[in-house]
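Chain by chain, the residues run as shown.
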Amino acid sequence: MRIRCYTGWGANCQVVLLFALAYVDLSFYHEARETHEGKMKKRPAFVMLEHIAYGNFPISLQPAFCYDIAMKSLINSLPLINQGKVREIYAVDDRHLLIVTSDRISAFDVILPTPIPGKGEILTRISNFWFDKTRDITPNHLTKIPLQDVLSNPKELAWAEHRSIVVKRLQPLPVEAIVRGYLIGSGWKDYQQTGSVCGIGLPVELQLADKLPKPIFTPSTKAAMGNHDVNVDFDTMSSQIGTELAQKVRDTSLAIYQMSADYALERGIIIADTKFEFGLDEHGELYLIDEVLTPDSSRFWAADTYRPGISPPSFDKQFVRDYLETLDWDKTAPGPDLPDKIANKTADKYREAMKRLV
Ligand SMILES: Nc1ncnc2c1ncn2[C@@H]1O[C@H](COP(=O)(O)OP(=O)(O)OP(=O)(O)O)[C@@H](O)[C@H]1O
Ligand SMILES: [Mg+2]
């Protein structure tokens, strides 16, 4: 078991908890971690520990050892159908999925071995907030099905709470709906070579990270696991999914971006670009799916330090990237451990993004 040192409430809680753990029984922790099952005696102290251990506790009070198990889903009762860098997707039945967000963080497309405390819960809360806020623009995949209807095992339930959503199982469109308000990343590379982004002509002499005259829709194909997505122009997307649907996806994406970017800017966050996913139900109705406007699906920048001409630091991953750049690491898996200080500062940034937006 790895123990980290945290300050404030987390540290106090950690000390109390370690004594309690020694008193009660350490074996439950190993059982839970290694076999995800096992019969445990329900002493009152134990029940409390169980809640803490599975993250069913305010983020700021979670003890450090919880973070290790927050890297890996403990759910075994449902079939796992997709494991992404950060999330696990389970089939609930033919019509529903369970999406569970871990505390994993990736950088340069590599999952790092160090979790970011509370990240799964924060991303879930941010995404749910936007699903609610965009309801007038588009329907989305959220259901009202409570988690306890889906997970009957109390250990799984306690672990998944706050980091999971039960969603409608839809047919995902084979495109990523990207909206860019600023010129950065692959958009900047495209612009330097062609003067346009995904076939959309732009004014000459724009600088890196410049704000675009108006947000642009720049779709990409959804690449198979291990491959990179490829930017395509609107006509290519139309030939793939049909012009009418492509127009609806584009107009909906731009409307959501415009609303959310204005909202975030008032709270000191620039949403430079973002990626949406859409799915269809059996009647062909379009729904917003996946995650929405989280720091993982978008580029967030701090508005007060933004300057065109330089690549603005990422609001959330700036400490991780800066730290990794100091290492002699070739940016291929396995990634290096993050020092506690970097993991904690990063967690603070995720929390700050949530506090500003939600
Ligand atoms: N409501 C839904 N119905 C059907 N599929 C969905 C729904 N919501 C999300 N998905 C799909 O679930 C998958 C989520 O995968 P996830 O983003 O966790 O990993 P990934 O895209 O494989 O990898 P990465 O970690 O690089 O994002 C996506 O393929 C997405 O299209
Ligand atoms: Mg994804």
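As a reminder, the structure under discussion sits directly above these lines.
For clarity, every value in this text was computed on a predicted model and none was experimentally measured.

1. Notes on the overall build of the protein chain
Okay, so step 1: Tallying secondary structure elements over the protein chain gives 11 helices and 15 strands in all.
Okay, so step 2: Across the 358 residues in the protein chain, those meeting the buried criterion constitute 37%.
Okay, so step 3: Across the protein chain, the fraction of contacts at a sequence separation of at least 24, relative to all contacts at a separation of at least 6, is 67%.

2. Let's talk about the site of ligand 1
Okay, so step 1: Taken together, 17 residues surround ligand 1, and among them Gly-84, Lys-85, Arg-87, His-141 and Pro-172 come closest.
Okay, so step 2: Contributions of two or more residues to the shell around ligand 1 are made by strand 2 (87–93), strand 6 (164–168) and strand 13 (269–280).
Okay, so step 3: Grouping the amino acids of the shell around ligand 1 by side-chain chemistry returns 7 nonpolar, 4 polar and 6 charged.

3. Here's the deal with the packing of helix 8 (residues 234–241) against helix 9 (residues 243–266)
Okay, so step 1: Between helix 8 and helix 9, the least distance of the axes is 7 Å, while the angle of their chain directions is 125°. Viewed along their axes, helix 8 and helix 9 adopt a mutual orientation that is oblique. Seen from above, helix 8 lies across helix 9 with right-handed handedness. Of the residues in helix 9, those in contact with Phe-234, Met-237, Ser-238 and Ile-241 of helix 8 are Thr-243, Leu-245, Ala-246 and Arg-250.

4. Considering the sheet that holds strand 6
For sheets, the rule is that strands pair by backbone hydrogen bonds, running either parallel or antiparallel.
Okay, so step 1: Here we have 4 strands laid out as an open sheet, ordered 1-2-3-6, and antiparallel in their pairing. Each of the sheet's edge strands pairs with one partner strand only, and the pair in question is strand 1 (80–83) and strand 6. Along the sheet, successive strands turn relative to each other by an average axial angle of 25°, direction set aside.
Okay, so step 2: Looking at chain direction, strand 3 (residues 96–101) and strand 6 are connected through 5 bridges and run antiparallel. Looking at strand 6, one finds that Val-100 is bridged to Ser-164.

5. Quick look at the environment of Val-86
Okay, so step 1: Mapped onto the fold, Val-86 is located in the loop between strand 1 and strand 2.
Okay, so step 2: In this view, Val-86 contacts Thr-101, Ser-102, Arg-104, Ser-106 and Asp-296; residues no more than four positions away in its chain are not counted.

6. Here we look at unusual backbone geometry
Okay, so step 1: The linkage connecting Ala-333 with the following residue, Pro-334, adopts the cis geometry, with an omega of -5°.
Okay, so step 2: For Pro-334, the location among the structural elements is in the loop between helix 10 (318–325) and helix 11 (340–357).
Okay, so step 3: The phi dihedral of Cys-198 is positive, around 50°, even though this residue is not glycine.
Okay, so step 4: Among the structural elements, Cys-198 can be located in the loop between strand 9 (196–197) and strand 10 (200–201).
Okay, so step 5: Judged by C-beta crowding, with 21 C-beta atoms within 10 Å, Cys-198 ranks as buried.
Okay, so step 6: At Glu-205, a position not held by glycine, the phi torsion is positive, near 60°.
Okay, so step 7: With respect to the element layout, Glu-205 can be found in the loop between strand 10 and strand 11 (211–217).
Okay, so step 8: Exposure remark for Glu-205: the 6 C-beta atoms within 10 Å place this residue in the exposed category.

Thresholds applied
- Residues numbered from 1 in each chain as written.
- Chains lettered and ligands numbered in written order.
- Predicted model: local features only at pLDDT ≥ 70, side-chain atom pairs only at ≥ 80, totals over all residues.
- Helix = DSSP H or I, 4+ residues; strand = E, 2+ residues; numbered from the N terminus.
- Buried ≥ 20, exposed ≤ 12 C-beta atoms within 10 Å, placed from the backbone.
- Contact = placed C-beta atoms within 7 Å.
- Near = placed C-beta within 6 Å.
- Nonpolar A, V, L, I, M, F, W, Y, C, P; charged D, E, K, R; others polar.
- Axes fitted to C-alpha atoms, helices over the stretch in contact; angles between N-to-C directions.
- Parallel < 35°, antiparallel > 145°, perpendicular 65-115°, else oblique.
- Left-handed = near helix turned anticlockwise from the far one by under 90°.
- Pairing = 2+ DSSP bridges.

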